[in-house]
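# Reading the structure
The lines below spell out each chain.
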Amino acid sequence: MAKAIPRIGSRRNGRIGSRKSARRIPKGVIHVQASFNNTIVTVTDVRGRVVSWSSAGTCGFKGTRRGTPFAAQTAAANAIRTVVDQGMQRAEVMIKGPGLGRDAALRAIRRSGILLTFVRDVTPMPHNGCRPPKKRRV
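Below is a summary of the structure that appears in this document. Treat the numbers as computed from the prediction; the structure is a model and nothing was measured.

### As for the sheet that holds strand β3 (residues 50-55)
Pairing is mixed in the open sheet, where five strands are placed in the order β3-β2-β1-β4-β5. The open sheet has two edge strands with one neighbour each: β3 and β5 (115-121). When strand polarity is set aside, the average angle formed by the axes of neighbouring strands in this sheet is 15 degrees. By the bridge criterion, six bridges tie strand β4 (residues 90-96) to β5 in an arrangement that is parallel. Looking at β5, one finds that M94 is bridged to R120. Against the sheet, helix α2 (residues 69-85) engages β1 (27-34), β2 (39-45) and β3, with an angle of about 155 degrees to β3. Relative to the sheet, helix α3 (residues 101-111) contacts β1, β2, β4 and β5, its axis offset from that of β5 by approximately 165 degrees.

Pasting the structure below:
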């Protein structure tokens, strides 16, 4: 009976070395999405490929505490800590959404030591598009 030849590069062998730490990123884009319930911070390179991300939920905040400014600050610090180790020095910031975590996340980004080239608000605004949902009666 013939002996099975092991395939080189099969899934079981796993990846040799980590691709994430090997990439050096001098400039990037930090996207902050602040809703009323959560704040998501995503760090991408200039081409838009995600390098690091974090949210208030992944930082351990549950329920209504995810929408707080402190949770947004913690999420921003977590997302930026990994990219600073990869050599990011300057970044653009895009902020989207009406949540409480907007200013807190921006403050945490400023404190991290990354030089910000510009801060832009990219919250989608309707030009009188869809009809809004009916008002809540509490």
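### Regarding a nonpolar patch on the surface
Residues I40, V50 and W53 make up a contiguous nonpolar surface patch of roughly 300 Å² in combined accessible area. Its location among the elements puts I40 in strand β2.

### Describing the pattern of salt bridges
Across all of its chains, the model carries three salt bridges by this definition. Measuring nitrogen to oxygen at the nearest pair gives 2.9 Å for the salt bridge that ties K27 to E92. One end of the pair, K27, is in strand β1; the other, E92, is in strand β4, and 65 residues separate them in sequence. Among the ionic pairs, D45 bridges to R49, the shortest N-O distance being 3.0 Å. Among the residues examined, D45 registers a relative accessible area of 9% and is labelled buried. The class for R49 is partly exposed, based on a relative accessible area of 39%.

### Some words on the packing of aromatic side chains
Going through the model one piece at a time under the given rule, you end up with one aromatic pair. When the centroid spacing of 5.9 Å and the interplanar angle of 85 degrees are considered together, the rings of F61 and F70 count as edge-to-face. In this structure F61 comes out as buried when scored by relative accessible area, which is 15%.

Conventions used here
- Residues numbered from 1 in each chain as written.
- Predicted model: local features only at pLDDT ≥ 70, side-chain atom pairs only at ≥ 80, totals over all residues.
- Heavy atoms only, no water.
- Pairing = 2+ DSSP bridges.
- Helix = DSSP H or I, 4+ residues; strand = E, 2+ residues; numbered from the N terminus.
- Axes fitted to C-alpha atoms, helices over the stretch in contact; angles between N-to-C directions.
- Contact = heavy atoms within 4.5 Å.
- Patch = residues over 30% accessible without salt bridge, like charges linked within 9 Å, V, L, I, M, F, W, Y side chains within 5 Å.
- Areas by Shrake-Rupley, 256 points an atom, 1.4 Å probe, with all protein chains shown as cover.
- Salt bridge = Lys/Arg side-chain N within 4 Å of Asp/Glu carboxyl O.
- Buried < 20%, exposed > 50% of the residue type's maximum accessible area, 1.4 Å probe, protein only.
- Phe/Tyr/Trp six-rings, centres within 6.5 Å; stacked < 30°, edge-to-face > 60°.

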